[in-house]
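Remarks on the overall topology
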Amino acid sequence: MKRIVIAGVSGAIGGALATAFIERDPEVTVIGLCRNPDQAPEALRAHGRGGVLAWDAGDRASPASAAEALESLLAKDEGINTFIYAAGVLHGSGMFPEKRLEDLDADSMARAFAVNATGFGLLVQALLPWFRHREFKRIAAISAKVGSISDNRFGGWYAYRSSKAALNMMVRNLSVELPRRCKPVACLSLHPGTTESALSEPFSQSLAKLTVHTPAETAANLISVLEGVDEEGNGRFLSWDGSELPW
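The paragraphs below set out a description of the structure included in this document. Small disclaimer: the values here were computed from a predicted structure and weren't measured.

The rules behind the values
Residues numbered from 1 in each chain as written. Predicted model: local features only at pLDDT ≥ 70, side-chain atom pairs only at ≥ 80, totals over all residues. Heavy atoms only, no water. Helix = DSSP H or I, 4+ residues; strand = E, 2+ residues; numbered from the N terminus. Rg over C-alpha atoms; globule rule 2.2 N^0.38 Å. Buried < 20%, exposed > 50% of the residue type's maximum accessible area, 1.4 Å probe, protein only. Contact = heavy atoms within 4.5 Å. Areas by Shrake-Rupley, 256 points an atom, 1.4 Å probe, with all protein chains shown as cover. Lys, Arg positive; Asp, Glu negative; His and termini not counted. Charge placed at Lys NZ, Arg CZ, Asp CG, Glu CD. Polar contact = N/O pair within 3.5 Å; in protein donor to acceptor, adjacent residues only side chain to side chain. Axes fitted to C-alpha atoms, helices over the stretch in contact; angles between N-to-C directions. Parallel < 35°, antiparallel > 145°, perpendicular 65-115°, else oblique. Left-handed = near helix turned anticlockwise from the far one by under 90°. Nonpolar A, V, L, I, M, F, W, Y, C, P; charged D, E, K, R; others polar. Disulfide = S-S within 2.5 Å. Pairing = 2+ DSSP bridges. Phe/Tyr/Trp six-rings, centres within 6.5 Å; stacked < 30°, edge-to-face > 60°. Arc of directions from axis to C-beta. Right-handed = clockwise from strand over helix to strand, strands pointing away. Core = buried A, V, L, I, M, F, W, Y, C linked by side-chain atoms within 4.5 Å.

Counting secondary structure elements, the protein contains seven helices and seven strands. In the protein, the order of α-helices and β-strands from amino to carboxyl end is β-α-β-α-β-α-β-α-β-α-β-α-α-β. Relative to the compact-globule value of 18 Å for 247 residues, the protein shows a C-alpha radius of gyration of 17 Å, a close match. Across its three principal axes, the protein shows a C-alpha extent of roughly 50 × 35 × 35 Å. Taking all 247 residues of the protein together, 49% fall into the buried category. Of all intrachain contacts in the protein linking residues separated by at least 6 positions in sequence, the fraction that spans at least 24 positions is 67%. Surface accessibility of the protein: about 11800 Å² in total, with carbon and sulfur atoms responsible for 49%. When the 25 positive and 28 negative side-chain charges of the protein are each reduced to one mean point, those points stand 5 Å apart.

The following block contains the structure:
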């Protein structure tokens, strides 16, 4: 994993992944994407091999702009070895996980799908020229266990659950199409586990009963899973400990 692109590096998990890759190998090329590059981790902004590009998951024109900017940092024929989509939204201004059907809101649903699902598909589309090289490549989406349809036993969280389920379906679709166009490749969804972050902060009391990882721990776990993935891992939904999750 020498040429890495991570979307969502201003977030806890994306930033920790970028930092971990740089600290493990100073010769690695790491390019981060996020809405505000000034909020990317210092290790990435100061890294001599790579950089941070402006990209907004909710802006349909942003993937093409980011891909154009990427050309000055990474030649298409060199390609990307590892692409990780770590952008995500659960709550925000006027948006909070729904407890019942009456809480359903069209704007919140649209925002969740734009960031959690559509943004991933459009970005892979824009980066497709960098995936056509002949080396093995990994395309990973940071999903969530609550996006599993068969594992849903509690309901609620309509926007987040539905958008993560849609993200998982995009991964499955890509796992069918890309081996025909960009072989060798593995497309997979990853559940990071509960992580200390702005996303989980409002639920700190309920998290007391769960195992909560620091961003650095989550990054180490996910990198370990990624390193163990080969072509046989294409089309899988894996948890942070490497176990298989149901779609």
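Summarising the element assignment, Ser 148 is placed in the loop between strand E5 (137–142) and helix H5 (158–181). Among the polar contacts made by the side chain of Ser 148, one reaches the main-chain carbonyl oxygen of Pro 246 at a distance of 2.7 Å. Once residues lying within four places of it in the same chain are set aside, the contact partners of Ser 148 are Asn 168, Phe 237, Pro 246 and Trp 247.

Moving on, we come to the packing of helix H1 (residues 12–24) against helix H7 (residues 215–227). Between H1 and H7, the least distance of the axes is 8 Å, while the angle of their chain directions is 65 degrees. By the angle between their directions, the pair H1 and H7 is classed as roughly perpendicular. Read as a crossing pair, H1 and H7 show a hand that is right-handed. Where H1 abuts H7, its residues Ala 12, Ile 13, Ala 16, Leu 17, Ala 20, Phe 21 and Arg 24 lie against Pro 215, Ala 216, Thr 218, Ala 219, Leu 222, Ile 223 and Glu 227. For the contact of H1 with H7, the per-class residue count stands at eleven nonpolar, one polar and two charged.

For the rest of this paragraph, the subject is the state of the cysteines. One pass over the full model with this rule turns up zero disulfides. In this model Cys 182 remains outside any disulfide bridge; the closest cysteine sulfur is found in Cys 187, 8.3 Å from its own.

With that settled, consider the sheet that holds strand E7 (residues 236–239). Strands in a sheet are paired, the pairing made by backbone hydrogen bonds, and the direction either parallel or antiparallel. Pairing is parallel across the open sheet formed by seven strands, whose spatial order is E3-E2-E1-E4-E5-E6-E7. Two strands bound the open sheet, and with one partner strand each, they are strand E3 (50–54) and E7. Going from strand to strand, the sheet's axes swing by 20 degrees on average, the running direction of each strand aside. Taken together, the four bridges between strand E1 (residues 3–7) and strand E4 (residues 82–85) define a ladder with parallel strand orientation. Opposite Ala 7, over in E4, you have Tyr 85 as the bridge partner. Running over the sheet, helix H3 (residues 62–70) touches strand E2 (29–34) and E3 and is turned about 150 degrees from E3.

Another point: the packing of aromatic side chains. Evaluation of the coordinates by the stated rule reveals six aromatic pairs. Taking the centre distance of 5.8 Å and the plane angle of 80 degrees together, the rings of Trp 55 and Tyr 85 count as edge-to-face. Placement of the pair is Trp 55 in the loop between E3 and H3 and Tyr 85 in strand E4, with a sequence separation of 30 residues. Per residue, the accessibility class of Trp 55 equals that of Tyr 85, and both read buried. Following the ring pairs from residue to residue traces out a cluster consisting of Trp 55, Phe 83, Tyr 85, Phe 120 and Phe 131.

For H3, every residue scored as buried is listed here: Ser 62, Pro 63, Ala 66, Ala 67 and Leu 70. Take H3 and look down its axis: the buried residues cluster within an arc of 135 degrees, on one side only. In H3, the exposed positions angled more than 90 degrees off the buried face are occupied by Ala 64 and Glu 68.

The side-chain alternation of E4 yields two buried faces, one formed by Thr 82 and Ile 84 and the other by Phe 83 and Tyr 85. Tracing the backbone out of E4, into helix H4 (residues 106–127) and back to the parallel element E5 gives a crossover that is right-handed.

In this section: the nonpolar core. Counting residues in each nonpolar core, the largest one holds 38 residues, and the members touching the most others are Phe 83 and Phe 120. For this core, the secondary-structure elements that each account for two or more residues are E1, E2, H3, E4, H4, E5, H5 and strand E6 (185–191). For this core, the element with the most residues is H4, which contributes eight residues. Excluding residues within four positions of it along the chain, Phe 83 makes contact with Val 5, Ala 7, Phe 120, Leu 123, Val 124, Leu 127, Phe 131, Arg 138, Ile 139 and Ala 140. Counting residues in each nonpolar core, the second largest holds 29 residues, with Ala 20, Leu 188, Leu 190 and Val 229 among its members.

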